[in-house]
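# A structural walkthrough
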Amino acid sequence: MTLSGKRILLIVAGGIAAYKSLDLIRRLRDRGASVRCVMTDGAKQFVTPLSLASLSGQPLSDDLFSPHDDNGMAHINLSRQTDLVVVAPATADLLAKMAHGLADDLASTTLLAADKPVLVAPSMNQFMWAHPATQANLALLKQRGVLQIGPGAGDLACGEVGDGRLAEVMDIVAAIEKFFAKPGPLTGKKALVTSGPTYEPIDPVRFIGNRSSGKQGHAIAAALADLGAEVTLVSGPVSLPDPEGVRVVKVETAREMDAACQAALPADIAVCAAAVADWRAAEVAPQKLKKQAGADAPALHFVQNPDILAGLGAMGAGRPRLLVGFAAETEKLVEHAQAKLAAKQCDLIVANDVSAGTGTFGGDANRVWLVEKDKVTEWPPLSKRDVAVRLAQALSERLS
Ligand code: CTP
């Protein structure tokens, strides 16, 4: 999800986890958010004002009585010019101040004067966290609508092990994205997408694969998630980053992909965009096959893999309401797609031309035809991302 245009006020308090706020700023800005920082005196023991100012690309505020910072009105104006206040790390001390309305520095005064939602990411020693005072303070803050992420459990900087670790930076980012997420037309719907090639082993070092890059399938997973769907992407080996906001299950073989798809059911929508190997070696050699001088090349015997799309189409109860397949063809595109639509009992086939010279396999562009039972729709040449966005939109219209 993008945070484009969102304004975040990040308050950094004095805990050892303050260094993680630097990564948090970067991640938020990568997603298009603007980040303005306030730091406490304690935070300066762990990170420098210069680091926060440089990474955020905005002036840093740290002085309640600065006549230069907003004519002395920073504690009021900072939250007026923001959409969400994030306190990370939130120390036991700052949480206590927030709970009891203390305002003796810029951070606490800004929080008292804030007119925007506040998300806290606590971080402290496990006994400080478990202390009834801290727990009571948190309970009070939550009652007042303050949002909380973490803390997690694990090794603490003090050497002890327990609750109190700052939530992982990416989990804080996810909590912020969730806060801004708008319900979309697919909110509450589950989608399953397959993507990429499968690798079918021959021996421990060799496999049979194909040239699918996974770009189209991954883009579809991202586009469905952007419309609010809860997406599981079952991906063969690809060199693409995981799309944001999508649950990714990584597999190698067709049979693994099939099992992962079954495990992701029930789903309202299933899009099978993977280039699944139709066959696998009947036997996988337990040791690397060695060549022997003068001997014939080894003969491989194949057996058929499960057809994941056809399996979903043949399901009785529990079949995805909208089942979409792909047909990669080099000739008689629509004719072959119509045959696949019927044979695999799906609702829609996205047919694409993968003949030599089209650059579809591995490339960024795609030319597709939507083939349905009584309708064929031709789309103009588009980027794979645009095909994904249009397809997600078309599926959400057909589902409603
Ligand atoms: N598919 C699948 N499982 C398989 C083979 C294919 O789920 N074992 C799906 C693909 O993800 C795609 C559709 O079936 O959505 C069509 O795949 P394609 O390879 O084009 O068709 P095949 O049925 O394998 O037919 P052919 O190779 O003869 O064109």
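Residues numbered from 1 in each chain as written. Predicted model: local features only at pLDDT ≥ 70, side-chain atom pairs only at ≥ 80, totals over all residues. Heavy atoms only, no water.

The geometry of an aromatic ring pair is captured by two quantities: the separation of the ring centres and the angle between the planes. For the structure on display, the rule yields 2 aromatic pairs. Judged by centre distance (4.9 Å) and plane angle (80°), the ring pair of Phe179 and Phe180 falls under edge-to-face. When its relative accessible area of 32% is taken as the criterion, Phe179 is described as partly exposed. Considering the side-chain rings of Tyr199 and Phe207, the 3.8 Å spacing of their centres and the 15° angle between planes classify their relative orientation as stacked. Here the basic side chain of Arg390 rests over the ring of Trp379, its NZ or CZ set 5.2 Å away from the ring centre. (Phe/Tyr/Trp six-rings, centres within 6.5 Å; stacked < 30°, edge-to-face > 60°. Buried < 20%, exposed > 50% of the residue type's maximum accessible area, 1.4 Å probe, protein only. Lys NZ or Arg CZ within 6 Å of the ring centre and 35° of its normal.)

Attention now moves to the site of the ligand. As a structural note, the neighbourhood of the ligand is formed by 14 residues, with Cys272, Ala274, Phe326, Lys340 and Lys344 the closest of them. One of the backbone nitrogen or oxygen atoms of Leu309 is found 2.9 Å away from an oxygen atom of the ligand. In the model, an oxygen atom of the ligand is placed 2.8 Å from a nitrogen or oxygen of the Lys340 side chain. Considered on its own, the ligand offers 570 Å² of accessible surface; in the complex 76% of this is hidden by protein. For the shell around the ligand, the secondary structure elements donating two or more residues are helix 11 (308–313) and strand 17 (322–329). For the shell around the ligand, the element with the most residues is strand 17, which contributes 4 residues. (Near = heavy atom within 4 Å. Polar contact = N/O pair within 3.5 Å; in protein donor to acceptor, adjacent residues only side chain to side chain. Areas by Shrake-Rupley, 256 points an atom, 1.4 Å probe, with all protein chains shown as cover. Helix = DSSP H or I, 4+ residues; strand = E, 2+ residues; numbered from the N terminus.)

Next up on the list: the pattern of salt bridges. A complete count under the given rule lists 22 salt bridges for this structure. Among the ionic pairs, Arg319 bridges to Asp347, the shortest N-O distance being 3.3 Å. Here Arg319, found in the loop between helix 11 and strand 17, pairs with Asp347, found in the loop between helix 12 (333–343) and strand 18 (348–353); they are 28 residues apart in sequence, far enough to count as distant. (Salt bridge = Lys/Arg side-chain N within 4 Å of Asp/Glu carboxyl O.)

Within the element layout of this structure, Asp386 appears in helix 13 (residues 384–399). Once the C-alpha coordinates of Asp386 and Gln216 are considered, the two residues, 170 residues apart in sequence, prove to be 9.7 Å apart.

In this section: the domain arrangement of the protein. Examined at the domain level, the protein breaks down into domain 1 (7–180) and domain 2 (190–399). Relative placement of domain 1 and domain 2: their C-alpha centres are 44 Å apart. (Domains from an automatic or database assignment.)

Checked against the element boundaries, Ser235 lands in strand 12 (residues 230–235). What Ser235 contacts, discounting residues up to four positions off in sequence, is Ser195, His218, Val249, Lys250, Val251 and Met257. (Contact = heavy atoms within 4.5 Å.)

This paragraph deals with the sheet that holds strand 14 (residues 269–272). The mixed open sheet is built from 8 strands, whose spatial order is 13-12-9-14-17-18-20-21. The strands lining the two open edges of the sheet, one partner per strand, are strand 13 (247–250) and strand 21 (375–378). On average, each strand axis in the sheet is inclined to that of its neighbour by 15°, with strand direction left out of account. Pairing geometry for strand 20 (residues 368–372) and strand 21, over 4 bridges, is antiparallel. (Pairing = 2+ DSSP bridges. Axes fitted to C-alpha atoms, helices over the stretch in contact; angles between N-to-C directions.)

Along the polypeptide, Trp369 turns up in strand 20. By relative accessible area, which is 16% here, Trp369 ends up buried. The spatial distance from the C-alpha of Trp369 to the C-alpha of Val234 is 24 Å, given a sequence separation of 135 residues. Dropping the residues within four chain positions of it, Trp369 is found in contact with Leu333, Val334, Ile349, Val350, Ala351, Val376, Thr377 and Glu378.

What follows concerns the nonpolar core. Membership of the largest hydrophobic core comes to 32 residues, with the highest contact counts inside it found for Leu224, Val231, Ile269, Val271 and Leu395. Counting residues per element, the ones that place at least two in this core are strand 9 (190–195), helix 9 (215–226), strand 12, strand 14, strand 17, strand 18, strand 20 and helix 13. Ignoring any residue separated from it by four or fewer positions in sequence, one finds Val231 in contact with Ala191, Val193, Ala221, Leu224, Ala225, Val246 and Arg247. Within the second largest apolar cluster, 30 residues are counted, among which are Leu28, Cys37, Ala43 and Ile172. (Core = buried A, V, L, I, M, F, W, Y, C linked by side-chain atoms within 4.5 Å.)

Burial of strand 9 is extensive: 5 of the 6 residues sit out of reach of the surface. Here strand 9 pairs with strand 12 via 6 bridges, running parallel. Following the sheet pairing, Ser195 is matched in strand 12 by Ser235.

One open sheet accounts for 6 strands, arranged 3-2-1-4-5-6; its pairing is parallel. Of all strands in the sheet, those bounded by a partner on one side alone are strand 3 (60–61) and strand 6 (147–148). Docked against the sheet, helix 5 (residues 106–113) engages strand 1 (7–12), strand 2 (34–39), strand 3, strand 4 (84–90) and strand 5 (118–122), running at close to 135° with respect to strand 1.

Relative to each other, helix 1 (residues 20–30) and helix 2 (residues 49–56) sit at 10°, their axes nearing to 9 Å. In this view, helix 1 runs roughly parallel relative to helix 2, as classed from their interaxial angle. For the pair helix 1 and helix 2, the contacting residues are Ser21, Leu22, Ile25, Arg26 and Arg29 in the first and Ser51, Leu52, Ser54, Leu55 and Ser56 in the second. (Parallel < 35°, antiparallel > 145°, perpendicular 65-115°, else oblique.)

Moving on, we come to helix 1. Burial in helix 1 covers these residues: Lys20, Ser21, Leu24, Ile25 and Leu28. Buried residues along helix 1 cover an arc of 145° about the axis, so they all sit on one side. Gly32 occupies a position one or two residues after helix 1 and carries a positive phi of about 100°. (Arc of directions from axis to C-beta.)

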